[in-house]
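As a plain string of letters, each chain reads:
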Amino acid sequence: MIAQQFDYTVAASVAEAVALLQKHGDRARILAGGHSLIPMMKLRLAMPEMLIDIGRITELSYIKEESSYVQIGALTTHHAIESSVIVQRRCPALSEAAGLIGDIQVRNKGTIGGSIAHADPAADYPASILAFDAVVITIGPKGERQIPASQFFLDLMTTALEPNEIVRAINVPTRTGRSASAYVKMAQKASGFAICGASAVVELDASGALAHAAIGVTGVGNRAFRATETEKALHGRKPTAELLRAACEKAAGGVSALDDIHASAEYRLDLVRIFARRALEKAIERAGN
Amino acid sequence: MDVKITINGKLYEKDIEPRLLLTHFIRDAAGLTGTHVGCETSICGACTVLAGGLAVKSCTMFAVQANGAEILTIEGMAREGEMHPLQESFWEEHGLQCGFCTPGMIMTCHQLLTRNPSPDETQIRGALDGNLCRCTGYQNIVKAVQSAAGKMKHRRGAAAGD
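Residues numbered from 1 in each chain as written. Chains lettered and ligands numbered in written order. Predicted model: local features only at pLDDT ≥ 70, side-chain atom pairs only at ≥ 80, totals over all residues. Heavy atoms only, no water.

A. Main features of the domain arrangement of chain B. All names here are of chain B. Partitioning chain B into domains gives domain 1 (2-76) and domain 2 (85-156). Between the C-alpha centres of domain 1 and domain 2 the distance comes to 21 Å. On the domain 2 side, the residues contacting the 18 residues of domain 1 number 14 residues. Summing both sides of the interface, domain 1 and domain 2 together bury roughly 1,200 Å²; the carbon and sulfur share of this comes to 63%. Interface area lost by domain 1 to domain 2 is led by H36, T48 and I74, which between them contribute 38%. Remark: the boundary between domain 1 and domain 2 carries zero salt bridges. Our count for the domain 1 to domain 2 interface comes out at six residue pairs in polar contact (both at pLDDT 80 or more). Among the secondary structure elements, those contributing two or more residues to the side of domain 1 that touches domain 2 are β3 (48-51) and β4 (54-57). When its residues are assigned to classes, the side of domain 1 that touches domain 2 shows ten nonpolar, seven polar and one charged. (Domains from an automatic or database assignment. Contact = heavy atoms within 4.5 Å. Buried area = accessible area lost by both parts, 1.4 Å probe. Salt bridge = Lys/Arg side-chain N within 4 Å of Asp/Glu carboxyl O. Polar contact = N/O pair within 3.5 Å; in protein donor to acceptor, adjacent residues only side chain to side chain. Helix = DSSP H or I, 4+ residues; strand = E, 2+ residues; numbered from the N terminus. Nonpolar A, V, L, I, M, F, W, Y, C, P; charged D, E, K, R; others polar.)

B. Spatial organisation of the sheet that holds β3(B). Residues and elements named next belong to chain B. With mixed pairing, the five strands of this open sheet are ordered in space as β2-β1-β5-β3-β4. Unpaired on one side and paired on the other, β2 (10-15) and β4 mark the two borders of the sheet. Ignoring which end each strand starts from, the neighbouring axes of this sheet average 35 degrees apart. Two elements, β3 and β4, share four bridges in a ladder whose sense is antiparallel. (Pairing = 2+ DSSP bridges. Axes fitted to C-alpha atoms, helices over the stretch in contact; angles between N-to-C directions.)

C. Region of interest: the pattern of salt bridges. All names here are of chain A. Under the criterion given, the structure shown has 24 salt bridges over all chains. Between E82 and R107 there is a salt bridge, with the nearest N and O atoms lying 3.1 Å from each other. Here E82 is found in helix α3 (residues 78-83), whereas its partner R107 is found in helix α6 (residues 104-109), with 25 residues between them in sequence. Judged by its relative accessible area of 24%, E82 is partly exposed. In this structure R107 comes out as buried when scored by relative accessible area, which is 9%. (Buried < 20%, exposed > 50% of the residue type's maximum accessible area, 1.4 Å probe, protein only.)

D. Quick look at the domain arrangement of chain A. Residues and elements named next belong to chain A. Looking at the assigned domains, one finds that chain A contains domain 1 (7-53), domain 2 (59-173) and domain 3 (178-288). The largest share of the area that domain 1 buries against domain 2 comes from V14, V18 and H35, three residues that together contribute 40% of it. Where domain 1 touches domain 2, the interface holds zero salt bridges. Scanning the region where domain 1 abuts domain 2 turns up one residue pair in polar contact (both at pLDDT 80 or more).

E. Molecular detail of the interface of chain A and chain B. Taken together, the contacts link 29 residues of chain A with 32 residues of chain B. Connecting chain A to chain B are one salt bridge. One salt bridge in this structure joins D103(A) and K57(B), with 2.6 Å as the shortest N-O distance. Elements supplying a minimum of two residues to the side of chain A that touches chain B: α2 (37-42), β3 (50-53) and α6 of chain A.

F. Summary view of the sheet that holds strand β2 (residues 28-31) of chain A. Residue and element names in this part refer to chain A. Strand order in this open sheet of three strands is β1-β3-β2, and the pairing throughout is parallel. The open sheet terminates on both sides in strands that have one partner only, identified here as β1 (7-10) and β2. Within the sheet, the average angular offset between the axes of one strand and its neighbour, ignoring direction, is 25 degrees. In this sheet, β3 lies alongside β2 in parallel orientation, the contact comprising four bridges. Looking across to β3, one finds that L31 is bridged to D53. Contacts from helix α1 (residues 14-24) reach β1, β2 and β3 within the one sheet, and its direction differs from that of β3 by about 170 degrees.

Okay, structure coming up:
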């Protein structure tokens, strides 16, 4: 499988990448780790005339810890996120999501910025990006924009990213107190992509009731979504087994589910109920300890 | 486009199309056919090599991305006519039948043992998630990795004068 011919250029800095993207417009695509784009190019589902390789901009690969959030540079690989002590401690759901992507080789090359810009409906990160209310920091010719996760994923492989913008970093807000997060998924066996992946971020108050519960779901619809009905049903209440079970019945909301050879729409919708509950149980257990 | 890629310590300077995959650069431009092409879809792992010390699927990388990089393939594993412990152990433990997946298996296991010199069985099986074998049922591959880990530990001990 050979990609269509294209021109190739290396951007040495973020500013150069933005300038090149501005210059070449729709002809060009950004190449980061390449683990979403190259398979698409080999299948000729993507046929850019030019690739701007940002893979050598080392300043975009970092994990930075601040008091109220963790910032992850766009070129940080899944392996770096999976093995980061900071991410494991502050946002374990994200570290779990990273560790469940593909395999060692894929995690060595694939990047968080590339993954979210690609917005595959079965990608792992979006569930956690939504559940954490993360902010995607983009950079374009007009400067930086901070896009809330809830406004970033628009549709199947479609994001709020403008054609001349690049993802620069992701800010993941973290809670203090008795809070934790968890990500669980049913994976498609060969590729590891999520048939249903659920991420839960919770905080317990002094009485053990849920002061905060957010659930993001990926792999099920055209884009990842929040289980808002479930969140409402949980807010301020003690997370008993019955409550979690009942609240998660509504987790899929009115989403229109994907239907393919790996799972029917009906099956996917049923998985949302189960995996939302498992993610919540795991996060609550962590928060309680 | 002109690229300079070092494979197993030898520099290859070639004028290539940007769309040439690293795996084809290794096999066709450098003539090193130990790296196999299986599925070409990032699934099977037969084309795994180390690029800058990281196990990668060379079918999912353009050779231009490896410009200036150091690549290690199965041909670079033996030293002065002596097989790498992983190669020895795959042989001794019968960790292969047809051998098609073996170069990729060995390169991924090399990455595993660099990061984790004493993996347990679950960790070995987890590390081999991206390497498919249609012959062995994986049992002997797991044994081979365990055996190689032991040998490498022993040799490091010997080298340190323990």
